[in-house]
Amino acid sequence: MKTKPSNAGYAGEAEDLLRRYEALTFEEVHESVLHLLPETPSRILEIGAGTGRDAAAFARRGHKVTAVEPTSALREPAMVLHPEPEIEWIDDSLPALASLKEHSGVFDLVMLTAVWMHLDAQERAEGMDELARLAAPGAKIMFLLRHGPVPEGRRMYDVSGEETAVLGAPYGLRPVFSMRHDAITENNRKAGATWTRLVLTKA
């Protein structure tokens, strides 16, 4: 039987997700790592950019953002909601990030919010290779990993921060921040979800 794609379930819930994601601010979602974000204009890669909430927040902070989102039902409304010229939208996904191979240069920050746990073990191994390739020396790679019951229609794996850090080690990626915390939304708390925030930096 064919495996579900890593973004399975998102297109059918796009309208509800647009409402829910946009109801939260960038600062609420990423409060624990705000102190690790670049303070000067930088090149940001967001993989799994969803509704564009975070990409727009980065753009407002003066950064140039490449927003990767494979689900057209999210990406197309996001481009309307957040038309900032500093955001370049790309239809692509891990592990291959084939379209990004056509773009030259590397990034100062790579952000993956609720993305990594949708990849199976082989995809995570291939994906880490791509993340390391795209990260500039000194860059940070920020993961937000969901734990708990898998929502209906989704494809998700139980991926720990420890496993992710070990996977990044051969590429010179070392952990500088790790924290497990409760969900910030009522829906996720009721579902029994918890989260791990992990930040790796490239030597």
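Quick note: structure is the one above.
The notes below deal with the structure included here. Nothing here was measured: the structure is a model prediction, and the numbers come from that model. (Residues numbered from 1 in each chain as written. Predicted model: local features only at pLDDT ≥ 70, side-chain atom pairs only at ≥ 80, totals over all residues. Heavy atoms only, no water.)

With that out of the way, let us pick up the overall build of the protein. The helix and strand tally for the protein stands at seven helices and seven strands. Starting at the N terminus and ending at the C terminus, the protein contains elements arranged as α-α-β-α-β-α-β-β-α-β-α-β-α-β. Since a compact globule built from 203 residues should have a radius of gyration of about 17 Å, the 16 Å found for the protein is in line with a globular shape. If one aligns the C-alpha atoms of the protein with their principal axes, the spans along those axes are about 40 × 35 × 35 Å. Considering only residue pairs separated by 6 or more positions, the protein has 69% of its internal contacts joining residues 24 or more positions apart. Counting every atom, the protein has about 9,700 Å² of accessible surface; 53% of that belongs to carbon and sulfur. Side chains of the protein carry 23 positive and 30 negative charges; the gap between the two charge centres is 2 Å. (Helix = DSSP H or I, 4+ residues; strand = E, 2+ residues; numbered from the N terminus. Rg over C-alpha atoms; globule rule 2.2 N^0.38 Å. Contact = heavy atoms within 4.5 Å. Areas by Shrake-Rupley, 256 points an atom, 1.4 Å probe, with all protein chains shown as cover. Lys, Arg positive; Asp, Glu negative; His and termini not counted. Charge placed at Lys NZ, Arg CZ, Asp CG, Glu CD.)

This part is about the sheet that holds strand 2 (residues 64-68). The seven strands lie next to each other as 3-2-1-4-5-7-6, forming an open sheet whose pairing is mixed. The strands lining the two open edges of the sheet, one partner per strand, are strand 3 (87-90) and strand 6 (173-182). Across the sheet, the axes of successive neighbouring strands diverge by a mean angle of 15 degrees, strand direction being ignored. Examined bridge by bridge, strand 1 (residues 43-47) and strand 2 share five bridges and lie parallel to one another. The residue bridging Arg43 from the neighbouring strand is Lys64, located in strand 2. Of the strands in this sheet, strand 5 (135-147), strand 6 and strand 7 (194-202) are in contact with helix 6 (residues 161-168), which crosses strand 7 at around 15 degrees. (Pairing = 2+ DSSP bridges. Axes fitted to C-alpha atoms, helices over the stretch in contact; angles between N-to-C directions.)

We now examine the pairing of strand 1. Counting buried residues in strand 1 gives four out of five residues, a clear majority hidden from the surface. As a crossover connection, the stretch from strand 1 through helix 3 (residues 53-60) into strand 2 is right-handed. The pairing of strand 1 with strand 4 (residues 107-113) spans four bridges and is parallel. Residue Ile44 lies in a different strand from strand 4, and its bridge partner there is Leu109. (Buried < 20%, exposed > 50% of the residue type's maximum accessible area, 1.4 Å probe, protein only. Right-handed = clockwise from strand over helix to strand, strands pointing away.)

Further remarks concern the nonpolar core. Among the nonpolar cores identified, the biggest contains 34 residues, and Ile47, Leu94, Leu112, Trp116, Leu131 and Phe143 are the most heavily contacted of them. For this core, the elements supplying multiple residues, two or more each, are strand 1, strand 4, helix 5 (121-134), strand 5 and strand 7. A total of seven residues in this core trace back to one element, the largest contributor, which is strand 5. Those residues in contact with Phe143 that sit more than four places away from it in its chain are Leu112, Trp116, Met128, Leu131, Thr164, Thr196, Arg197, Leu198 and Leu200. (Core = buried A, V, L, I, M, F, W, Y, C linked by side-chain atoms within 4.5 Å.)

A word on the packing of aromatic side chains. The final tally for this structure, using the stated rule, is two aromatic pairs. For the pair Trp116 and Phe143, a centre-to-centre distance of 5.2 Å together with 70 degrees between the ring planes defines the contact as edge-to-face. A residue pair is termed long-range when its members are at least 10 positions apart, and Trp116 in the loop between strand 4 and helix 5 and Phe143 in strand 5 qualify at 27 residues. On the basis of relative accessibility, which here comes to 0%, the residue Trp116 falls in the buried class. A relative accessible area of 0% places Phe143 in the buried class. Its end group placed over the ring of Tyr10, Arg154 keeps NZ or CZ at 4.0 Å from the ring centre. (Phe/Tyr/Trp six-rings, centres within 6.5 Å; stacked < 30°, edge-to-face > 60°. Lys NZ or Arg CZ within 6 Å of the ring centre and 35° of its normal.)

By themselves these figures say nothing about function.
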